[in-house]
Amino acid sequence: MVTPRITNKLRGSLGEIYYKEFCDQRGWAYTSLENIYQSMNPDWNFIFKKGFHRINITIPPNIRDEVIWLIKPTNKSSTSPSFVFDFLACKVGSHKEYSEIKSSPEFAWVESKTGSAVFSGSQINAMSKINLPLAIFHVNDILEKPESIIMDCDIKSGKKWLDELEPIDNEVYEFRNGKIPGKSKGLNLPLVRQREPLMQ
């Protein structure tokens, strides 16, 4: 029998698993920035995932400039690229099948965090410039049993998020109180608790 080593990579992967299940239960679909980067096409049509569903979503023209900017790898690597946020998500509702859904009126960037939830300088820079809202999904103790997991998630403009962060080291930031502000909730927490005004 083999047991996994508890690494930061494992913690991050577990956090993304909980986020994906969270999306499925709350009517959101997602795609990674890496998928957009690798699958860019003239029609701007991409596969978004929601549980076992694969949904063809067309990214609307009014957000494409921002998408082009954010899908550039922050490390400029083509073999092991890293990106400023984890996902682009869109609201699709909950249905038996999704063939009639071609786009969405609601898109948001998504960053999944575990533990102390630190943010890099590149993420802080992006928060100061994005027009789409940013959803931050956070699980503090990712190694808890699933029935004991507490998930925090909220969505607001990048500048609103910046008001909640403080520097702790050179180009490293964290939440002032160590977690997403507000009351922690369990699996029933909606991804969009309350939409904040977007940046102009």
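Overview of the structure. (Residues numbered from 1 in each chain as written. Predicted model: local features only at pLDDT ≥ 70, side-chain atom pairs only at ≥ 80, totals over all residues. Heavy atoms only, no water.)

Some words on helix α1 (residues 8-26)
Part 1: Spanning 19 residues, α1 covers 27 Å between terminal C-alpha atoms, matching the ideal 27 Å at 1.5 Å per step.
Part 2: Residues Gly15, Tyr18, Tyr19, Phe22 and Cys23 constitute the buried set of α1. All buried residues of α1 project into a common sector of 145° when viewed along the axis, lining one side. Opposite its buried face, α1 presents the exposed residues Lys9 and Ile17, each directed more than 90 degrees away.
Part 3: Buried positions along α1 lie against β1 (28-32), β2 (45-50), β4 (87-91), β5 (107-114), β7 (134-139) and β8 (151-156).
Part 4: Following α1 by one or two positions, Gly27 adopts a phi angle in the positive range, close to 85°. (Helix = DSSP H or I, 4+ residues; strand = E, 2+ residues; numbered from the N terminus. Expected span 1.5 Å × (residues − 1). Buried < 20%, exposed > 50% of the residue type's maximum accessible area, 1.4 Å probe, protein only. Arc of directions from axis to C-beta. Contact = heavy atoms within 4.5 Å.)

A closer look at the side chain of Asn41
Part 1: With respect to the secondary-structure elements, Asn41 resides in the loop between α2 (33-38) and β2.
Part 2: A polar contact is formed between the side chain of Asn41 and the backbone oxygen of Ser39, at a distance of 3.1 Å.
Part 3: At 2.8 Å, the side chain of Asn41 forms a polar contact with the backbone oxygen of Asn45. (Polar contact = N/O pair within 3.5 Å; in protein donor to acceptor, adjacent residues only side chain to side chain.)

Focus: unusual backbone geometry
Part 1: Phi angles above zero are rare outside glycine, and Trp44 is one such case at about 55°.
Part 2: Inspection of the secondary structure assignment puts Trp44 in the loop between α2 and β2.
Part 3: Trp44 sits in the buried class, given a relative accessible area of 10%.
Part 4: Of note in this structure, Ala117 is not a glycine but carries a positive phi near 55°.
Part 5: Tracing the sequence through the fold places Ala117 in the loop between β5 and β6 (119-120).

Comments concerning the pairing of β7
Part 1: The buried fraction of β7 amounts to six of the six residues, a majority that puts the element mostly inside the structure.
Part 2: Neither face of β7 is open: one carries Leu134, Ile136 and His138, the other Ala135, Phe137 and Val139, and all of them are buried.
Part 3: The sheet contact formed by β5 and β7 spans six bridges and is parallel. Among the inter-strand pairings, Val110 is bridged to a residue of β7, identified as Ala135. (Pairing = 2+ DSSP bridges.)

Topic: the packing of aromatic side chains
Part 1: By the definition in use, this model includes ten aromatic pairs.
Part 2: Look at Tyr19 and Tyr30: their rings are 6.2 Å apart centre to centre, the planes differ by 65°, and that puts the pair in the edge-to-face class. One end of the pair, Tyr19, is in helix α1; the other, Tyr30, is in strand β1, and eleven residues separate them in sequence. Each member of the pair, Tyr19 as well as Tyr30, is classed as buried.
Part 3: In this structure an aromatic cluster arises from ring pairing among Tyr19, Phe22, Tyr30, Phe87 and Phe137.
Part 4: The side chain of Lys113 reaches across the aromatic face of Phe119, ending 4.7 Å from its centre.
Part 5: The cationic tip of Lys156 hangs over the ring face of Trp161; the distance from NZ or CZ to the ring centre is 4.6 Å. (Phe/Tyr/Trp six-rings, centres within 6.5 Å; stacked < 30°, edge-to-face > 60°. Lys NZ or Arg CZ within 6 Å of the ring centre and 35° of its normal.)

On their own, these measurements won't tell you what the molecule is for.
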